[in-house]
Amino acid sequence: MRRKLQILVALALLGFGAFWAVTTPTPVMPEMPPVRTANLENGKLLFNVGGCISCHKAGEGLTDVAAGLPAGGKPLKTPIGTLYPPNLTPDPETGLGSWKFYEFEAAMQQGLHRDGSNLIPAFPYGSYRSMKPEDVADLFAYLQSLPSVKNQVPPHDVFGLKIMRRGLKFWKARALANPVWQPDASKSESWNRGAYLVNGPGHCQECHTPRDLFMMSDASRAFMGGPHPEGKGTVPSLLRLVERKRYKDQADLVSAFQNGESFGYEHMSSGGMGEVQTNLSKLPEADLNAISEYLLSLK
Amino acid sequence: MFSKLQFGLMAGVLALSVGAGVAFAAMSADDAIKARKACMKMGHGGVMKAAVPVMKGEAKFDPAALKAAFDAEDAVCKDWSMWWGADTQKGDKEETHALPAIWTDPKGFEAAAGKWYAADQNMRKATDEASFKAAFPAVGDGCKGCHEKFRAPLQ
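Conventions we followed
Residues numbered from 1 in each chain as written. Chains lettered and ligands numbered in written order. Predicted model: local features only at pLDDT ≥ 70, side-chain atom pairs only at ≥ 80, totals over all residues. Helix = DSSP H or I, 4+ residues; strand = E, 2+ residues; numbered from the N terminus. Buried ≥ 20, exposed ≤ 12 C-beta atoms within 10 Å, placed from the backbone. Rg over C-alpha atoms; globule rule 2.2 N^0.38 Å. Contact = placed C-beta atoms within 7 Å. Nonpolar A, V, L, I, M, F, W, Y, C, P; charged D, E, K, R; others polar. pLDDT = per-residue confidence, 0-100. Core = buried A, V, L, I, M, F, W, Y, C linked by C-beta atoms within 7 Å. Pairing = 2+ DSSP bridges. Expected span 1.5 Å × (residues − 1). Axes fitted to C-alpha atoms, helices over the stretch in contact; angles between N-to-C directions. Parallel < 35°, antiparallel > 145°, perpendicular 65-115°, else oblique.

1. Remarks on the overall build of chain B
- Counting its regular elements, chain B contains six helices and zero strands.
- For chain B, the α and β elements follow one another from N to C terminus as α-α-α-α-α-α.
- In chain B, which comprises 155 residues, the proportion classed as buried is 21%.

What follows is the structure, encoded as structure tokens:
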């Protein structure tokens, strides 16, 4: 009996040791920043496509200018606990002010914090992986150009966060194994632009594609909808939107993105879509046309 | 003691209040949910069908048609405040997209509904196409304000 217990303890220690060794964070390696002038207008566009403000909104107590900036701290309730998305304004102590571009890039495209730990995938780096480096650079430049807000956000309220961050290494090994989005030369330029915005910065699949047992996006059921990640209700499928009589045609879907429920498009609200629509309404019409062309091609 | 008339009145009031009590108690969760859906689909939906084409420039501003939609909306939605009892969160057979937030945050729910109501009343004052077009988006935003927080997403 005693011997069995000793073996069990030894095995447990060994197992934990192996877990610790395998999940030791990989440091973020500096790379040369791209030599080009940032396009702030493009950065702002990506900020709206990604809807960064929806999660990184200023928490309670911040008013005036700060309330409209991604100063972070608004609680995000998830099945694993309450997250407090960070401050993206350029404050050097509480925001991204002291971040280097390569650190931002590692967070966006590899899900790595600059301290080497794994980021919780509520931050959709699985989609942002498909973003073009120059778009990541423009977004970074845009964030750094915003007014700085001093706002220290509370730590995430998640049970066993440290172990979970390590365990995420396994999740990432599989979840990030899928190839990133690639353009399709047989399709039009605007279809490709739409596909890029939807699958990369827009991260539409994070909600509109159901997840498997391991909380990984199930590519075989892309855009088919499923249970809402934040609880009640169902995320609608984006397939055959015209055939299912959701929208008449491309122009109708563009109008829905631009006006949402203020023109009676009631499927553009609920479950967070209303905020998405508000963000997307700020896009140039050409991009909304591209997004709609791509979405309506999904069968 | 009592005149015949007085007695008759009292009996009438009593019968009415008992009747009302029975009617109120008879409002099952399913009935409340059905009433909410009818108000949404026929009431608000009817107004949308009359108003949105005007917004999109597909139809002309037609005060008579709009008035008819408003009247229909009033008829089917007038008891709205009676349909949100704590026991109406789930139906026996009726499905509902109402979120628990309606009952955990009743003040927020009332405020969101009130915002819609104010915009709706303002829109009804519109006398020409321009003033209607200026007033309508706030009504739609009122719908959105409630749907975002208090309605589960539709399939």
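We are not done yet, so read on.
2. Observations concerning the overall build of chain A
- When its secondary structure is counted, chain A shows 13 helices and five strands.
- Scaling as 2.2 N^0.38, a compact globule of 299 residues should have a C-alpha radius of gyration of about 19 Å, and chain A matches this with 21 Å.
- Residues classed as buried in chain A amount to 35% of the 299 residues present.
- Of the contacts made within chain A by residues no fewer than 6 positions apart, 61% connect residues no fewer than 24 positions apart.

3. Comments concerning the interface of chain B and chain A
- Facing the 18 residues of chain B at the interface are 18 residues of chain A.
- Breaking the side of chain B that touches chain A down by element, the ones donating at least two residues are helix 2 (29-55) and helix 6 (129-150) of chain B.
- Taken together, the residues of the side of chain B that touches chain A break down into nine nonpolar, four polar and five charged.

4. Side note on the confidence of the model for chain B
All names here are of chain B.
- Residue-level pLDDT values for chain B average 86, and 83% of them are 70 or greater.
- Below pLDDT 50 for its whole length, residues 10-24 participates in zero contacts with residues either more than four positions away or in separate chains.
- Among the prediction metrics, the complex's ipTM stands at 0.76, with pTM recorded as 0.85.

5. Focus on the nonpolar core
- Residues A:Leu139, A:Leu143, A:Val198, A:Leu253, A:Ile291 and A:Leu295 are the most contacted members of the largest nonpolar core, which totals 49 residues.
- Secondary-structure elements contributing two or more residues to this core are helix 2 (40-50), helix 5 (101-110), helix 6 (125-128), helix 7 (133-145), helix 9 (189-199), helix 11 (250-259), helix 12 (273-280) and helix 13 (285-296) of chain A.
- The residues contacting A:Leu143, other than those within four sequence positions of it, are A:Leu88, A:Pro90 and A:Leu96.
- B:Val47, B:Ala69, B:Val139 and B:Cys146 belong to the second-largest nonpolar core, a separate cluster that totals 16 residues.

6. Let's talk about the sheet that holds strand 2 (residues 81-83) of chain A
Residue and element names in this part refer to chain A.
- Spatially, 1-2-3 is the arrangement adopted by the three strands of the open sheet, whose pairing is antiparallel. Of all the strands in the sheet, just strand 1 (76-78) and strand 3 (157-158) have a single pairing partner and so form its edges.
- Pairing analysis gives two bridges linking strand 2 to strand 3, with the strands arranged antiparallel. When the bridges of strand 3 are listed, Thr-82 appears paired with Asp-157.

7. Describing helix 1 (residues 2-22) of chain A
- When the terminal C-alpha atoms of helix 1 of chain A are compared, their 30 Å separation across 21 residues agrees well with the 30 Å that a helix rising 1.5 Å per residue should span.
- When you tally the buried positions in helix 1 of chain A, you get zero out of 21 residues, a small fraction of the element.

8. Brief notes about the environment of B:Phe61
All names here are of chain B.
- Take Phe-61: it is sitting in the loop between helix 2 and helix 3 (63-77).
- Residue class for Phe-61 comes out partly exposed when judged on the 16 C-beta atoms lying within 10 Å of it.
- Sequence separation of Phe-61 and Ala-50 is 11 residues, and the distance between their C-alpha atoms is 9.2 Å.
- What Phe-61 contacts, discounting residues up to four positions off in sequence, is Val-54, Asp-128, Glu-129 and Phe-132.

9. Concerning the environment of A:Leu139
Residue and element names in this part refer to chain A.
- Considering the arrangement of structural elements, one finds Leu-139 in helix 7.
- Its 27 C-beta neighbours within 10 Å are what place Leu-139 among the buried residues.
- For Leu-139 and Phe-257, which are 118 residues apart along the polypeptide, the C-alpha to C-alpha distance reads 22 Å.

10. Describing helix 2 of chain A
Residues and elements named next belong to chain A.
- Of all the positions in helix 2, only Gly-43, Leu-45, Leu-46, Phe-47, Asn-48, Val-49 and Gly-50 are classed as buried.
- Looking at the buried side of helix 2, the elements it contacts are helix 3 (52-56), helix 7, helix 9 and helix 12.
- Of the residues trailing helix 2, Gly-51 is marked for its positive phi of about 60°.

11. Some details on the environment of A:Trp99
All names here are of chain A.
- Take Trp-99: it is sitting in the loop between strand 2 and helix 5.
- Its 18 C-beta neighbours within 10 Å are what place Trp-99 among the partly exposed residues.
- Expressed as a C-alpha distance, the spacing of Trp-99 and Arg-114, which sit 15 residues apart in the sequence, is 8.3 Å.

12. A word on the packing of helix 2 of chain A against helix 7 of chain A
Residue and element names in this part refer to chain A.
- Where helix 2 meets helix 7, the axes come as close as 7 Å, and the angle between the chain directions of the two elements is 95°. Classified by the interaxial angle, the pair formed by helix 2 and helix 7 is roughly perpendicular. Listed contacts from helix 7 to Leu-40, Asn-42, Gly-43, Lys-44, Leu-46 and Phe-47 of helix 2 are Asp-135, Asp-138, Leu-139, Ala-141, Tyr-142 and Ser-145.

13. Here's the deal with the packing of helix 9 of chain A against helix 13 of chain A
Residues and elements named next belong to chain A.
- At a closest axis distance of 7 Å, the pairing of helix 9 and helix 13 adopts a crossing angle of 90°. Our classification of the angle between helix 9 and helix 13 gives roughly perpendicular. Contact residues: Ser-190, Trp-191, Arg-193, Gly-194, Ala-195, Leu-197 and Val-198 in helix 9; Asp-287, Asn-289, Ala-290, Ile-291, Glu-293, Tyr-294 and Leu-295 in helix 13.
- Its residues assigned to classes, the contact of helix 9 with helix 13 comprises eight nonpolar, three polar and three charged.

14. Focus: unusual backbone geometry
All names here are of chain A.
- A positive phi angle is found at Lys-245, which is not glycine, with a value near 65°.
- Overall, Lys-245 belongs to the exposed group, with 8 C-beta atoms counted inside 10 Å.
- Despite not being glycine, Ser-270 shows a phi value in the positive range, around 90°.
- As for its placement among the helices and strands, Ser-270 is situated in the loop between helix 11 and helix 12.

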